[in-house]
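Results of the structural survey
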Amino acid sequence: MIELFLSQLLNGLVIGSVYALIALGFSLVFGVANLINFAQGALLMLGAFFAFTLIQWGLPIVVAGLLSVLATAAVGMLVERLALRPLRNAPAIAPLLSTLAIAVIADAGAELIWSAESQPFPSPLQSFVVFVGGAFLTGVDIATFIVSLAVMGGLMIFLSRSWTGRALRATAQDPEAAAQMGIDVALMRQIAFGLAGALGALAGILVAMYYQSVFPQMGVPFGIKGFAAALLGGLASIPGAVLGGFLLGIFENLASGYVGEGSRDLIAYSLLILVLMVRPQGLLGTGKLEALGGVGGASGAIPTTSIIASLGGATARTRNWVLRPKLWMMLAAIALAAVLPWLGSAYIVQVAAGCAVFAMLALSLTLLSGSAGIISIGHAALFGFGAYLCAILGRNHGWPVEGILAAAAFGTALMAAVATLPAIRLTGHAVALATLAVGQVGYLLFLNWIELTRGPMGIAGISRGTLLGIPMQPLDRQYWLALLLLAVCYVIAHRLLESPIGRSWRAIREDRPAAHAAGVPVRRYLVLAAATSGLIAGLAGAQFAWLQAFVSPDSFVLETSIVLISMVVLGGMGNIAGAVIAGVLLAILPEALRAFDDWRMIVYGLILLALLRFRPQGLGGVR
Amino acid sequence: MAEPYLSIDSIDVFYGPVQALFGVTVTVGRGEVVAVLGGNASGKSTTVKAALGLVRPRGGRITLAGQRIDGLDPHQIIGRGVGSIPEGRRVFAEMSVEENLRLGAYARRGEPPASLQADLQEAFALFPRLAERRRQAAGTLSGGEQQMLAMARAWMRRPELLCIDEPSMGLSPLFVDHVYEVLARWKAAGLTILMVEQNANMALQLADRAYVLRNGAIVVQGAAAELAGDPELRKAYLGG
Amino acid sequence: MSAALTQALAAHRHPGALVLEGVTRRFGGLVATNEVTFTVPGGELLAIVGPNGAGKSTLVQLITGFVRPDAGRIRLGPHDLTRLPPERISALGVARSFQTSRVFPGLTVLESVLVGTQVQLIGGGRLPRAFNTLAETASVLFGLPAYAARRRLLEDRAEATLKLFGDRLWPRRDAPAFSLSYANRRRLEIARALVAEPDLLLLDEPTAGMNPTETGELADLIAQLHADRPALTIVMIEHKLQVVRQLASRVIVMNHGSVLVDATPEEALADPRVVTAYLGRAETSHAHG
């Protein structure tokens, strides 16, 4: 028994030291640039692949590693140039989504360059083994631990002793005061990104050695673990990042040792959510003295908490034209789409039905993220929840279609209300992080709760049943049902948005303190926004399950959530008509790009990046 | 008259659509102490922020030692020999007193470490309270001690021109006296100072000349000794 | 119908005294308010003045629940506000403006004001609960009449409130709030506070950034309001002393987080301690050196 404990503890220390490296990258960037860098995982993955390629070219692993660290540091600086610098005056959400877009492009690009398959990474010290009590450590473990500690120590000395290190910390604490010491704040931001790249690359190489493999998807899980560690310690705290990394590594290894390997990630993300709920400032973090006020207030810019408004205040806010069609126009357009089965082939109807599902999803997310301002990067989990409800209730329990629709709608609404609770007290970028974690928990449950979901195999043979006595097997009828659901959901969204409820959502988004002061029960309206969003996402999920006759976790991955948030930005945040149009457009896109399927996510990433840069208000305009 | 060391020449400053300064002109000669006075929201802080490059004037020009500095970034202006004691002290709360002081000398990082070390000792001699607390995090100091730290930190820049924004704000009378004692010593040593102050009586004792701002425009200016009795001054503060 | 509703909305006003007892709040080493004690009887117009950093705005933050006191109690009539969150305090009839004038930039002028009527629409606080979440959602989705009637009534009230400001706000009702001038944003914020029919109105520097004409206009409006609603208690932080003289029946001067003087405007503004607090200390009057 003690052997297991000791072994998991040692493993935890080793992997924890890698998490600490990733967390340090986050903390540096968050502190200095006030941005959660979603591309951190991608930097890790790129670092591993750069080293992999250099080793293939015949360089010794140490040289390859060093070159990779330098190259990835340069990529990190490039991320700052693309995602942060041009967007200083853009809406607050733009830099965050830009790093997300860059991550998507990097991941998909790596699949193109190095193939999506896992490839063996040389791990020269693996055969060297040391026994510690009843547990054993490999040479890789020892090397990982030593290299991590050395780098952390070096970083600490750099930050506390060197001029640049002190300047970095000063910029993190108070950029305006730092500027008055003669510190070039913009340069410090770039250096922070460069360091984040270097740390990411190093972590990536160590991870690749540890697991003896590299693969393009490795960035996401390790990126999120790094977040979790940074957050656990306190996002802007450097010692906190190290402590968080070790704690997460140990905790997760003990959990996988005692509960089972499948629970490893699940427990890591659950821990992240728990920390966000209980102590959002982290273990070593401190709340800022915002209450003193007056600092930003005297500057004369219009105060706002809106993620959509730009830092530049009123002058930079774009509101030339907003698409706001009358309700009957949208309903007429949907009715018009109903004639498609008489015009097109089964393939076209299938695509169109998919478009209707994604239009519903975009509609659902634009209520939550656009209108109420809760940026969600985990919406695919709600979509999946509806789909699995449909599959399980229909296939295993023989529920009728009517019952499934009701269950998918209200069950997902309830689920969404509960799942959004961790995010409600949070503001700014932490919301995106919380929803990301919730989304990943959903995905991992779909993947690992095998008794219920059949895991990666998925559930096949979902029957379409009969609705009000009408057999729903034919595709045309499924398509009409999808259109009907879309129309109903659109009416619900429209009525709510044009009512005092929608007004309260937007007021909370625009200025949460002012909404509190005006007596708006903020929590009530945010829960309602989440529930409404969940209701629509659940219906979309059920419809999706019937259309595909098959559900598996692959449909509800992080990429799906990113595609959904892209739709919302493309449509214009909070603009329901825009969301429907963007949903249709981005759902057609992969069909149009069928020949270049590998490029699909790159195209999404580029669209998102270009939109944020050149038309942040989207096609339909922000509502 | 010799060209002033700092010349702020009829600048207009806007915050978004709101105009904060209307053609404000302030000059500071070498070795001179100039106070910018006024009530709340009169634009006095904005004036010094413009000199430091923290806000960009839309019209007018600012020169330092004959060279234009409007449009430069704060770090470039600090690099030209300017030191700043920001409004509200703005010490780096999580860093130690000593680290704060070392950051004050950031613009002098090219100089030999020995001279910086000597200046650090001198700063501690100037503010013995800080020497006692050199390893303590700056955020744990009292408000008055933080003001001392902000002053010592700016002194570590060894500036030619020192900009001070409301040194007495929120301080108890004892600390206000202390702050002004130190400033008087620096003045005697020949330091050029541009200060923004709400505490008009204290500022006028120290300054050679003063400007009084009201609603973003200068309403009175002149020698400090003459201004002290000017009814416009009282009007600017008590709103007439 | 409408008359009954109006009565229902008006019947629950019970103006009481605002009482602060030993309210202390520290930020790090700084004591923002130090054992502040005073009582504002219902219907009084009190002005709080004092130099920067004296703790005036912190006092407003404390009363409205945005900052919690380290020690002391805050009561309004029968209600203890000390530990309540901001929206509960607001629902009990406390409305405020912010020093930085917080409007909802992306909402229209009319919508911004209507946000201030939300509590009256759904009930709670001073009013009996009327629509819980489900009832409100159902009312909106199916257009139920009770909710709609109440909504119309409050829209009328919002219109009347905007028209209090002459042609400054009403003609711009459909413009986004961010497009307003600085002075108009301050007016809009006050309109949002007034539309809630508060028992206690806290104004944090309402005339900051206004020119003399605009200042005079707003002061007249507040005077009118004070006359029209004798039960409304108004606490305003104000630096323009002519405004204080015109409006306030009582002045509290704060300095270093404490109450320095509590008197009538004439007495308070003539008090040498006040002149000193504003213009600053100098041991030997105006002598040099």
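Once a new chain begins, its residue numbering starts again from 1 and follows that chain's sequence as written. The lettering of chains begins at A and the numbering of ligands begins at 1, in the order of writing. With pLDDT at 70 or above as the cut-off, local features in this predicted model cover only qualifying residues; side-chain atom pairs require 80 or more to be listed or tallied, and sums for whole chains, interfaces and linings still use all residues. Calculated side-chain values reflect all of the structure's heavy atoms, with hydrogen atoms and water omitted.

Glancing now at the overall build of chain A. Broken down by element type, chain A carries 25 helices and eight strands. Here the C-alpha coordinates of chain A stretch approximately 70 × 60 × 45 Å along the principal axes. Counting only residues that meet the buried cut, chain A has 61% of its 623 residues in that class. In what follows, a contact means two residues having at least one pair of non-hydrogen atoms within 4.5 Å. In chain A, the share of contacts with a sequence separation of at least 24, taken over all contacts with a separation of at least 6, comes to 80%. All accessible-area figures derive from a Shrake-Rupley calculation using a 1.4 Å probe, and residue coverage is judged against the displayed protein chains alone. Total accessible area on chain A is roughly 22400 Å²; 69% of this is exposed by carbon and sulfur atoms. Neither His nor the chain ends is counted toward charge; the positive residues are Lys and Arg and the negative residues Asp and Glu. Lys charges are placed at NZ, Arg charges at CZ, Asp charges at CG and Glu charges at CD. The centroid of the 32 positive side-chain charges in chain A is displaced by 12 Å from the centroid of its 24 negative side-chain charges. Runs of H or I in DSSP of at least four residues are treated as helices and runs of E of at least two as strands, each being numbered from the N terminus. The cut-offs for exposure are 20% and 50% of the maximum accessible area for each residue type, with area from a 1.4 Å probe on protein chains only; residues under the lower value are buried, those over the upper are exposed, and the others partly exposed.

Right, let's get into the environment of Arg56 of chain B. Residues and elements named next belong to chain B. Checked against the element boundaries, Arg56 lands in the loop between helix 1 (44-52) and strand 4 (59-64). Looking at Arg56, the relative accessible area reads 47%, which means it is partly exposed. Separated by 16 residues in the primary sequence, Arg56 and Leu72 have C-alpha atoms spaced 8.7 Å apart. Contact partners of Arg56, with chain neighbours within four places excluded, come to Gly71, Leu72 and Asp73.

Further remarks concern the interface of chain A and chain C. Contact residues are listed per partner, giving 39 residues for chain A and 42 residues for chain C. When chain A packs against chain C, close to 3600 Å² is buried across both sides, 64% of that on carbon and sulfur atoms. Whenever Lys or Arg places a side-chain nitrogen within 4 Å of a carboxyl oxygen from Asp or Glu, that contact is recorded as a salt bridge. One can count three salt bridges joining chain A with chain C. The salt bridge involving Glu136 of chain C is made with Arg524 of chain A; its shortest N-O contact spans 2.8 Å. Think of a polar contact as two N or O atoms within 3.5 Å of one another; within protein, one of them needs to be a possible hydrogen donor and the other a possible acceptor, and neighboring residues in sequence only count if both atoms come from side chains. On the surface where chain A and chain C come into contact, there are 15 residue pairs in polar contact (both at pLDDT 80 or more). Polar here means any residue other than Ala, Val, Leu, Ile, Met, Phe, Trp, Tyr, Cys and Pro, which are nonpolar, and Asp, Glu, Lys and Arg, which are charged; Gly is therefore polar. Tallied by class, residues from the side of chain A that touches chain C come to 21 nonpolar, eight polar and ten charged. Note: buried area is the sum, over both parts, of the accessible area (probe 1.4 Å) each one loses when the two are combined.

For the rest of this paragraph, the subject is the pattern of salt bridges. Taken as a whole, this structure holds 38 salt bridges over all chains when the rule is applied. A salt bridge links Glu252 of chain A to Lys225 of chain A; the nearest nitrogen and oxygen atoms lie 3.3 Å apart. Pair noted here: Glu252 of chain A is in helix 10 (residues 238-258) and Lys225 of chain A is in helix 9 (residues 219-233), with a separation of 27 residues, a long-range link. Overall, the relative accessible area of 0% leaves Glu252 of chain A in the buried class. Among the charged side chains, a network of salt bridges with common partners joins Arg108, Glu111, Asp119, Glu122 and Arg158 of chain B.

Residues and elements named next belong to chain B. Any two strands with at least two DSSP bridges between them are considered paired. Pairing is mixed across the open sheet formed by six strands, whose spatial order is 6-7-8-3-9-10. Each of the sheet's edge strands pairs with one partner strand only, and the pair in question is strand 6 (82-85) and strand 10 (217-223). Within the sheet, the average angular offset between the axes of one strand and its neighbour, ignoring direction, is 15°. For every element, the axis is a line fit to its C-alpha atoms; helices are fit only across the contacting stretch, and the angle between N-to-C directions ranges from 0 to 180 degrees. Helix 6 (residues 143-155) contacts strand 6 and strand 7 (161-165) of the sheet and is inclined by roughly 175° relative to strand 6.

Turning next to the domain arrangement of chain A. Residues and elements named next belong to chain A. Each domain of chain A was delimited in the assignment, giving domain 1 (2-282) and domain 2 (351-614). Delimitation of the domains relies on an automatic or database domain assignment. Computed from C-alpha atoms alone, the centre-to-centre distance between domain 1 and domain 2 is 31 Å. Between domain 1 and domain 2, the residue contacts involve 34 residues of the former and 33 residues of the latter. Between domain 1 and domain 2, roughly 3100 Å² of surface is buried when both sides are summed, and carbon and sulfur atoms account for 86% of that area. Run the count over domain 1 and domain 2 and you get zero salt bridges. Summed over the shared surface of domain 1 and domain 2, the result is zero residue pairs in polar contact (both at pLDDT 80 or more). At the level of secondary structure, the elements contributing two or more residues to the side of domain 1 that touches domain 2 comprise helix 4 (93-114), helix 9 and helix 11 (263-278). The greatest single-element share of the side of domain 1 that touches domain 2, amounting to 13 residues, is contributed by helix 4. Looking at the side of domain 1 that touches domain 2, its residues break down into 28 nonpolar, five polar and one charged.

Below, the discussion takes up the side chain of Arg503 of chain A. Within the secondary structure, Arg503 of chain A sits in helix 20 (residues 500-510). Buried and without a salt bridge, Arg503 of chain A has Glu155 of chain C as its closest oppositely charged side chain, separated by 4.9 Å. Beyond its immediate chain neighbours, meaning those up to four positions away, Arg503 of chain A contacts Leu497 of chain A together with Leu107, Glu111, Leu114, Val115, Thr117 and Gln118 of chain C.

Now for the packing of helix 14 (residues 346-371) of chain A against helix 22 (residues 522-548) of chain A. Residues and elements named next belong to chain A. Between helix 14 and helix 22, the least distance of the axes is 8 Å, while the angle of their chain directions is 165°. With respect to helix 22, the axis of helix 14 lies roughly antiparallel. For the pair helix 14 and helix 22, the sense of crossing is left-handed. Contacts from Gln350, Ala353, Gly354, Val357, Met360, Leu361, Leu363, Ser364, Leu365, Leu367 and Leu368 of helix 14 reach helix 22 at Ala529, Ala530, Thr532, Ser533, Ile536, Ala537, Leu539, Ala540, Gln543, Phe544, Leu547 and Gln548. Among the residues forming the contact of helix 14 with helix 22, the class breakdown is 16 nonpolar, seven polar and no charged. Any angle between 65 and 115 degrees counts as roughly perpendicular, while under 35 counts as roughly parallel, over 145 as roughly antiparallel, and the rest as oblique. Each crossing gets its handedness from the near helix: less than a right angle anticlockwise from the far helix is left-handed, clockwise is right-handed.

Here we take up the nonpolar core. One finds Phe38, Leu96, Phe121, Ile183, Ile377, Trp505 and Trp546 of chain A to be the most contacted residues of the largest nonpolar core, which totals 247 residues. When residues in this core are grouped by element, the largest group, 17 residues, is from helix 22 of chain A. Nonpolar core, defined: a set of buried Ala, Val, Leu, Ile, Met, Phe, Trp, Tyr and Cys residues in which side-chain atoms within 4.5 Å join the residues together. Of all hydrophobic cores here, the second largest spans 55 residues; its members include Trp155, Met156, Phe175 and Val182 of chain B.

Right, let's talk about the packing of helix 3 (residues 97-104) of chain B against helix 4 (residues 113-126) of chain B for a bit. Residue and element names in this part refer to chain B. Between helix 3 and helix 4, the least distance of the axes is 11 Å, while the angle of their chain directions is 125°. Accordingly, the angle class assigned to the pair helix 3 and helix 4 is oblique. You can see that helix 3 and helix 4 cross each other, and the crossing is right-handed. Of the residues in helix 4, those touching helix 3 at Val97, Glu98, Leu101 and Arg102 are Gln117, Leu120 and Phe124. Of the residues belonging to the contact of helix 3 with helix 4, the class tally is four nonpolar, one polar and two charged.

The subject of this paragraph is helix 4 of chain A. Residues and elements named next belong to chain A. The end-to-end C-alpha distance of helix 4 is 32 Å, a good match for the 32 Å that 22 residues give at a rise of 1.5 Å each. In terms of burial, helix 4 is a largely internal element, 19 of the 22 residues being buried. Positioned one or two residues after helix 4, Ser115 has a phi angle of 75°, which is positive. What a helix should span is 1.5 Å times the count of its residues minus one.

Turning our attention to unusual backbone geometry. Among all residues except glycine, the phi angle is most often negative; among peptide bonds, the trans geometry is most common. All names here are of chain B. The backbone phi angle of Arg90 is positive, close to 50°, even though this residue is not glycine. By secondary structure assignment, the location of Arg90 is in the loop between strand 6 and helix 3. In this structure, Glu166 is a non-glycine residue whose phi angle is positive, near 50°. Among the secondary structure elements, Glu166 is positioned in the loop between strand 7 and helix 7 (173-188).

Residue and element names in this part refer to chain C. Across five bridges, the pairing between strand 9 (residues 250-255) and strand 10 (residues 258-263) is antiparallel. Counted as the bridge partner of Val253 is Val261 from strand 10. The antiparallel pairing of strand 9 with strand 10 creates a hairpin that spans two residues between the two strands, and His256 there sits at a positive phi of about 50°.

Here we take up the pairing of strand 1 (residues 18-27) of chain C. Residues and elements named next belong to chain C. With seven of ten residues buried, strand 1 is to be regarded as a mostly interior element. Note: strand 1 against strand 2 (residues 30-40), seven bridges, orientation antiparallel. Residue Arg26 lies in a different strand from strand 2, and its bridge partner there is Val31. Sheet analysis places strand 1 next to strand 4 (residues 71-76), joined by five bridges and oriented antiparallel. If you follow Glu21 over to strand 4, its bridge partner there is Arg73.

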